[in-house]
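Structural overview
Okay, here's what each chain looks like letter by letter:
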Amino acid sequence: MLRPGVRRFAAFGLGLGVILILVAYVGPSSVHSALRDANAAFVLLAVASYAAFFLIRGVRWHLLLRAQAPDTTVADATNLTAMGWLVSTFVPMKAGDVTRSAVVAYRSKRNVASIIGTVAVERALDVVALAAASTVGLAGLALAAHRISPEAARGVAVAWLLPPLGLAAFIYFARSLARRPSTNVLVRYARLFLRAAEELREHPRQIPVLVALSLAATACQVAVFTFLFLALAPYAPLGVIAAGVPLFLLSFIVSVTPGNLGTYEAAFAAIYFALLGWDPQALLAMAVAVHLLTITTVTILGGVGFVLDRLARVEAKPAPAPPAVEMKA
């Protein structure tokens, strides 16, 4: 069994190797041309959508943390969410979720396990929202059926079922694993998820709000990749591009390389080849360019979140007491 540090290094090497192979295959000049000719207005819209995405997720996490870390503000949750996304961009296996949970646990003097439980609920809500977005996308593709082949339409119809089936399977296995007397990481995660879900069930009025926020966050994420696609190909059909994004986002569920290197590009090219029938090499060049743009955006927004979080910590520190003055007789 490899140590965690070795696994992370190996995953980084694997992801870097895949991206280098892809760049060599499509040609560095193709990627450079795509970035050079990108529409700046669409790129700025994508950045704004990403910022809104982090804000909405911050509001949602703040609500989930009320019972565990009531002192965590919306600003804290938003900044830490952006920071966590930044960490996950460069470290595999959703390391950013562990990082932000550890920070909240340290500040609130709570057990980190209880905080990770709220993140597990976040992930479940993400799957629900992704299933809804996939359904809307499927309906949009059905309206534009003349644009895609019948085989692609059937493939999309099957693909949209994956999120709800995955959520049902996750809940089933979580309940099964939670009964086992084990210290395995998966077993502990299952227990934390069920404990957090049970606490959420005790406050049913929050559930509609959390679902609405999850749908809004997913809509912002869809907007990010739609705008980036249009930045590189303004002539692309808007409805088909937006409908394909939720299916592309499914590849993010399995994060084995930093920033989903390799899986990101492969999913992007495969989905839009099926929907648009464009040249796979051109789609791979676009995928690499889009990935570079998202990494840059997350790095900037995550850095801003870190700076704002540090400034808030400095302002929150109590001022030192003035030195005592000795009274002379």
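Residues numbered from 1 in each chain as written. Predicted model: local features only at pLDDT ≥ 70, side-chain atom pairs only at ≥ 80, totals over all residues. Heavy atoms only, no water.

**A few points about the environment of Ala105**
Basically, it comes down to this: Counting from the N terminus, the helices are the DSSP runs of H or I reaching at least four residues and the strands are the DSSP runs of E reaching at least two. Residue contacts are counted whenever heavy atoms from the two residues lie within 4.5 Å of one another.
By secondary structure assignment, the location of Ala105 is in helix α5 (residues 95-108). It is 6.4 Å that separates the C-alpha atoms of Ala105 and Ile115, two residues lying 10 residues apart in sequence. With residues near it in sequence (within four places) discarded, Ala105 still touches Arg110, Asn111, Val112 and Ile115.

**Some words on unusual backbone geometry**
The cut-off we apply is this: Only protein chains enter the accessibility calculation, which uses a 1.4 Å probe; a residue whose area is less than 20% of its type maximum is buried, one above 50% is exposed, and one in between is partly exposed.
Even without a glycine there, the phi angle at Lys109 is positive, about 60°. Judged by its relative accessible area of 69%, Lys109 falls in the exposed class.

**Thoughts on the confidence of the model for the protein**
Stated precisely, the cut-off is as follows: Across the chain, each position has a pLDDT score giving the predictor's confidence in that residue, from 0 to 100.
Of all residues in the protein, 68% attain a pLDDT of 70 or more, and the chain-wide mean is 78. Per-element confidence in the protein is highest for helix α3 (residues 40-64), whose mean pLDDT is 96, and lowest for helix α1 (residues 4-26), whose mean pLDDT is 60.

**Regarding the pattern of salt bridges**
The test is simple: Between Lys or Arg on one side and Asp or Glu on the other, a salt bridge is scored when a side-chain nitrogen of the former is within 4 Å of a carboxyl oxygen of the latter.
Taken as a whole and judged by the stated rule, the model has 11 salt bridges. Among the salt bridges present, the one from Asp76 reaches Arg313, with a minimum N-O distance of 3.3 Å. Taken as a pair, Asp76 in helix α4 (residues 74-90) and Arg313 in helix α13 (residues 280-316) lie far apart in primary sequence, 237 residues in all. For Arg313, a relative accessible area of 26% gives the class partly exposed. Each of Arg57, Arg60, Asp97, Arg100, Glu122, Arg123 and Asp126 takes part in a single network of salt bridges with overlapping partners.

**A word on a nonpolar patch on the surface**
For clarity, the cut-off: Note that patches include only residues with greater than 30% relative accessible area and no salt bridge, and the join distances are 9 Å for like charges and 5 Å for nonpolar side chains (Val, Leu, Ile, Met, Phe, Trp, Tyr). Method for areas: the Shrake-Rupley scheme with a 1.4 Å probe, in which residue coverage is limited to the protein chains shown.
There is a patch of nonpolar side chains on the surface, built from Ile300, Val304, Phe306, Val307, Leu308 and Leu311 and spanning about 530 Å² of accessible area. If you trace the backbone, Leu311 turns up in helix α13.

**Describing the packing of α4 against α5**
Which entries qualify depends on this criterion: Axes, fitted as lines to C-alpha atoms, cover a helix only where it is in contact. Angles between the N-to-C directions of the axes lie from 0 to 180 degrees. The handedness criterion is simple: a crossing whose near helix is rotated anticlockwise from the far helix by less than a right angle is left-handed, and one whose near helix is rotated clockwise is right-handed. Residues are sorted three ways: Asp, Glu, Lys and Arg are charged, Ala, Val, Leu, Ile, Met, Phe, Trp, Tyr, Cys and Pro are nonpolar, and all the rest, Gly among them, are polar.
Orientation of α4 relative to α5, taken along the N-to-C sense of each, is 140°, at an axis distance of 6 Å. Every pair of crossing elements has a handedness; the one defined by α4 and α5 is right-handed. Residues Leu80, Thr81, Gly84, Val87 and Ser88 of α4 form the contact with α5, whose participating residues are Ala95, Gly96, Asp97, Thr99, Arg100, Val103, Val104 and Arg107. A class-by-class count of the residues in the contact of α4 with α5 yields five nonpolar, five polar and three charged.

**Considerations on the packing of aromatic side chains**
Heads up, the rule is: Two aromatic rings from Phe, Tyr or Trp, using only the six-membered ring of Trp, form a pair when their centres are within 6.5 Å; if the ring planes differ by under 30 degrees the pair is stacked, by over 60 it is edge-to-face, and anything between is tilted.
With the rule as written, the count across this model stands at 13 aromatic pairs. A centroid spacing of 6.3 Å and a plane angle of 25° characterise the contact between Phe42 and Phe227, whose relative ring orientation is stacked. On the criterion of sequence distance, the pair formed by Phe42 in helix α3 and Phe227 in helix α10 (residues 206-232) is long-range, its members being 185 residues apart. Phe227 sits in the partly exposed class, given a relative accessible area of 22%. Seen in terms of ring centroids, Tyr50 and Phe53 are 5.8 Å apart; in terms of plane orientation they differ by 70°. Their pairing is edge-to-face. With Tyr50 and Phe53 both in helix α3 and three residues apart, this pair spans about one turn of that helix. Each member of the pair Tyr50 and Phe53 is classed as buried.

**Describing the side chain of Thr226**
Test applied: In protein, a polar contact requires one atom able to donate a hydrogen and another able to accept it; more generally it is a pair of N or O atoms within 3.5 Å, and residues adjacent in sequence count only if both atoms are side-chain atoms.
You can see Thr226 is positioned in helix α10. Engagement of the side chain of Thr226 in a polar contact is seen with the backbone oxygen of Val222, the distance being 2.8 Å. Setting aside chain neighbours within four positions, we find Thr226 in contact with Leu238, Ile241, Ala242 and Val245.

**Focus: the environment of Leu232**
Mapped onto the secondary structure, Leu232 falls in helix α10. Accessibility expressed as a relative area gives 15% for Leu232, which makes it buried. Once the C-alpha coordinates of Leu232 and Ala34 are considered, the two residues, 198 residues apart in sequence, prove to be 6.1 Å apart. If we skip the residues at most four places from it in the chain, Leu232 touches Ala34, Ala38, Met286, Ala289 and Val290.

**A look at the nonpolar core**
Using the following cut-off: What makes a nonpolar core is a set of buried Ala, Val, Leu, Ile, Met, Phe, Trp, Tyr and Cys residues whose side-chain atoms join them at distances within 4.5 Å.
Among the nonpolar cores identified, the biggest contains 63 residues, and Trp61, Phe225, Phe229, Phe248 and Tyr272 are the most heavily contacted of them. Put simply, the parts of the chain that give this core at least two residues each are α3, α4, α5, α6 (112-143), α10, α11 (238-249), α12 (263-276) and α13. Per element, the largest residue contribution to this core is 11 residues, and it comes from α10. Each residue touching Phe225, except ones within four places of it in the same chain, is listed here: Val245, Phe248, Leu249, Phe252, Tyr264, Val290 and Thr294.

**As for the packing of α3 against α10**
Note the following rule: Note on angle classes: values under 35 degrees are labelled roughly parallel, values over 145 roughly antiparallel, values of 65 to 115 roughly perpendicular, and the remainder oblique.
Taken N-terminus to C-terminus, the directions of α3 and α10 make an angle of 160°; their axes are 8 Å apart at the nearest point. Relative to α10, the element α3 is oriented roughly antiparallel. In the crossing of α3 with α10, the sense of the turn from one axis to the other is left-handed. Looking at the contact of α3 with α10 residue by residue, the classes come out as 23 nonpolar, four polar and two charged.

**Notes on the environment of Leu230**
Positionally, Leu230 belongs in helix α10. Note: C-alpha distance between Leu230 and Ala242 (12 residues apart in sequence) is 10.0 Å. With residues up to four places along the chain from it excluded, the contact list for Leu230 reads Phe42, Ala236 and Leu238.

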